[in-house]
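Residues per chain are reported as follows:
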Amino acid sequence: MVMNPKQVFLSVLMFGVAGLLLFMYLQIWIEEQHTGRMEKKREQKAIAGWGSVNYLQPVPRIMTREKIQEHNTDQNPKYHIPEDPKKKKENLLFNSERSTGVLTETSHSQREGQALGKTTESPTFKLIEKRQRTKTLFKKFREMNWPLDIHPLNKSLVKDNKWRRTDETQEKRRSFLQEFCKKYGGVSHPQSQLFHMVSRIYVEDKHKILYCEVPKAGCSNWKRILMVLNGLAPSAYNISHDAVHYGKHLKKLDSFDLRGIYTRLNTYTKAVFVRDPMERLVSAFRDKFEHPNSYYHPVFGKAIIKKYRPNACEEALNNGSGVKFKEFVHYLLDSHRPVGMDIHWEKVSKLCYPCLINYDFVGKFETLEEDANYFLEMIGAPKELKFPNFKDRHSTDERTNAEVVRQYLKDLTRTERQLIYDFYYLDYLMFNYTTPFL
């Protein structure tokens, strides 16, 4: 039987549709299998042991897009976080009997009890016990409410009345941040990004401090303070820049296992120090691009000049020196940047996650010494330890202030200035910074 062209066409079409459906089915099946294998591997790593080993590998440092609508003063926020009801929760992390209870309750006679007693000494039983504890910890962490509850500051060590005004300011900042975070949504599943969320937080166990590092907001001197509190140096004034940033003397929160992270987040005093976003941006540019730098010039400078400077000379393309502020801003605002973001100009909302990790203390660079010294007294630091006020690098340069910022913004169009504000919009709002004159 000879098929006419119409029948041939219909047959080919049917085979094509069937092939497409089969391909789609296979693709979905393969993705499900891959996801299942990855989850199984992660769980196997998590239950492999219990102690100083991390049970979850740090997640990739992928910056997620903010799930928040543009701010309009005459419009209600689109996203809302309802207040979590206060519930009394059983602490499963340290209940060592919970994992063995099932086994001990199964004994029905003295003989079985004696046999079980021998079993508990075996490596197999200990491994089962460790796995049970780890699974319990994972379950606890999955059920953990975010944002973490905010706790009243312990001010019992503050004896001097001179801190009264500083304390009032601090309470206002905390309340403002907490109210802001109630109005806007955050990461829908924070547990999946846990190690990234805490990757900028430094730990000082003796005084039970967690400090989230915000570059260009006094972080170098804060690290010096943490080193002194840790007993690594007698004074903050004789610690070099390289020792602070490259010595790896301080521990970060993501270096601990889940138990260690959970315990510290819920019991330590958490502090973050911030700065006016526009000032911080200009300060970062001056530090990294207006002085010789063996990293930022070849890595960032070359890429920025190549993409944003028409007819760039060969020398600039080769060494990456001489980046102009306007070119730097074009890079910052470009959704297809030739090189990724950097912590020195990343938003605080993506460095420290203030709406998921409720910080007990919110300091500002504009009142850095006053805030820092009040915090040190509050945590019971040695009386002779004061926050250093020296400039970490380029000490002869004028500090970046509002007037310096205005000089840099003059080279930008009104639209560019507005786009910078939009970029740091969340930081301006959550830390109650005044909208700059654009």
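Here, every reference points to the structure presented above.
For the structure given in this document, a descriptive report is provided here. Being a predicted model, the structure only gives us computed values, none of them experimental. (Residues numbered from 1 in each chain as written. Predicted model: local features only at pLDDT ≥ 70, side-chain atom pairs only at ≥ 80, totals over all residues. Heavy atoms only, no water.)

## Brief notes about the overall build of the chain
Helices and strands together make up the secondary structure of the chain, namely 18 helices and five strands. By residue count, 43% of the 438 residues in the chain fall in the buried class. Approximately 25700 Å² of the chain is accessible, and the part contributed by carbon and sulfur atoms is 54%. (Helix = DSSP H or I, 4+ residues; strand = E, 2+ residues; numbered from the N terminus. Buried < 20%, exposed > 50% of the residue type's maximum accessible area, 1.4 Å probe, protein only. Areas by Shrake-Rupley, 256 points an atom, 1.4 Å probe, with all protein chains shown as cover.)

## A word on the state of the cysteines
Between two cysteines, a covalent bond joining their sulfur atoms is known as a disulfide. For the structure on display, the rule yields two disulfides. Across the disulfide, Cys-181 is cross-linked to Cys-355 (sulfur-sulfur distance 2.0 Å). Classification of the bridge connecting Cys-181 and Cys-355 rests on its S-S torsion, roughly -80 degrees, and on that basis the disulfide is left-handed. On the criterion of sequence distance, the pair formed by Cys-181 in helix α5 (residues 164-183) and Cys-355 in the loop between α14 (348-351) and β5 (361-364) is long-range, its members being 174 residues apart. Residue Cys-181 shares its accessibility class with Cys-355, and that shared class is buried. Note on cysteine connectivity: Cys-212 is disulfide-linked to Cys-352, with sulfurs 1.9 Å apart. Across the disulfide from Cys-212 to Cys-352, rotation about the S-S bond amounts to roughly -95 degrees, and the bridge is consequently left-handed. (Disulfide = S-S within 2.5 Å.)

## So, helix α10 (residues 277-289)
The end-to-end C-alpha distance of α10 is 18 Å, a good match for the 18 Å that 13 residues give at a rise of 1.5 Å each. Where burial is concerned, most of α10 is hidden: 13 out of the 13 residues are buried. You can read the cap of α10 off the contacts: a side-chain oxygen lies 3.1 Å from the backbone nitrogen of Met-278, and it is on Asp-276. (Expected span 1.5 Å × (residues − 1). Polar contact = N/O pair within 3.5 Å; in protein donor to acceptor, adjacent residues only side chain to side chain.)

## What about the sheet that holds strand β3 (residues 251-252)?
Strands sit in the order β3-β1-β2-β4-β5 across an open sheet of five strands; the sheet is mixed. Both edges of this open sheet fall to β3 and β5, since each of them pairs with a single strand only. Bridge count between strand β1 (residues 201-204) and β3: two bridges; the pairing is antiparallel. Paired with Tyr-202 across the two strands is Lys-252, which belongs to β3. (Pairing = 2+ DSSP bridges.)

## Observations regarding the packing of α10 against helix α16 (residues 402-409)
Where α10 contacts α16, the two axes come as close as 10 Å, and the packing angle between them is 75 degrees. When the interaxial angle is binned, α10 and α16 end up roughly perpendicular. Two secondary-structure elements touch here, α10 through Met-278, Glu-279, Val-282, Phe-285 and Arg-286 and α16 through Ala-402, Val-404, Val-405, Tyr-408 and Leu-409. For the contact of α10 with α16, the per-class residue count stands at eight nonpolar, no polar and two charged. (Axes fitted to C-alpha atoms, helices over the stretch in contact; angles between N-to-C directions. Parallel < 35°, antiparallel > 145°, perpendicular 65-115°, else oblique. Contact = heavy atoms within 4.5 Å. Nonpolar A, V, L, I, M, F, W, Y, C, P; charged D, E, K, R; others polar.)

## Some words on the packing of α10 against helix α13 (residues 325-333)
With their axes 11 Å apart at the nearest point, α10 and α13 run at an angle of 115 degrees to one another. Crossing of α10 over α13 shows right-handed handedness. Here Leu-281, Val-282, Phe-285 and Phe-289 of α10 lie close against α13, whose contacting residues are Phe-325, Phe-328 and Leu-332. (Left-handed = near helix turned anticlockwise from the far one by under 90°.)

## Describing the nonpolar core
Core analysis: the biggest nonpolar cluster contains 68 residues, and Leu-253, Phe-325, Phe-328, Tyr-331 and Trp-345 have the highest contact counts within it. Here Trp-345 is in contact with Arg-280, Leu-281, Ala-284, Lys-288, Phe-289, Tyr-296, Phe-300, Phe-328, Tyr-331, Leu-332, Phe-423 and Tyr-424, once residues within four sequence places are set aside. In this structure, Ala-233, Ala-271, Phe-361 and Met-378 belong to the second largest nonpolar core, which totals 31 residues. (Core = buried A, V, L, I, M, F, W, Y, C linked by side-chain atoms within 4.5 Å.)

## Structural notes on the pattern of salt bridges
As enumerated under the stated definition, the model contains 16 salt bridges in all. Residue Asp-205 pairs with Lys-251 through a salt bridge whose shortest N-O separation is 2.7 Å. Of the two residues, Asp-205 is situated in the loop between β1 and β2 (209-212) and Lys-251 in strand β3; the sequence distance between them amounts to 46 residues. Here Asp-205 falls in the partly exposed class, since its relative accessible area comes to 23%. Each of Arg-200, Glu-213 and Lys-223 takes part in a single network of salt bridges with overlapping partners. (Salt bridge = Lys/Arg side-chain N within 4 Å of Asp/Glu carboxyl O.)

## Focus on helix α9 (residues 258-267)
Restricting attention to buried positions, one finds in α9 the residues Leu-258, Gly-260, Ile-261, Tyr-262, Arg-264 and Leu-265. By the N-cap criterion, in which a side-chain oxygen at the helix start approaches the backbone nitrogen of a residue two or three places on, α9 is capped by Asp-257, the distance to Arg-259 being 3.2 Å.

## Overview of the side chain of Lys-270
Within the element layout of this structure, Lys-270 appears in strand β4 (residues 269-274). Polar side-chain contacts of Lys-270 include one of 3.0 Å to the backbone oxygen of Leu-265.

## What about the environment of Arg-174?
Relative to the elements of secondary structure, Arg-174 occurs in helix α5. As for Arg-174 and Val-362, which are separated by 188 residues in sequence, their C-alpha atoms are 6.6 Å apart.

## Overview of unusual backbone geometry
Backbone geometry at Lys-208 places phi at a positive 55 degrees, although glycine is not the residue there. Its place among the elements puts Lys-208 in the loop between β1 and β2. A positive phi is found at Asn-432, a non-glycine position, where the angle reads about 60 degrees. Mapped onto the secondary structure, Asn-432 falls in the segment after α18 (425-430).

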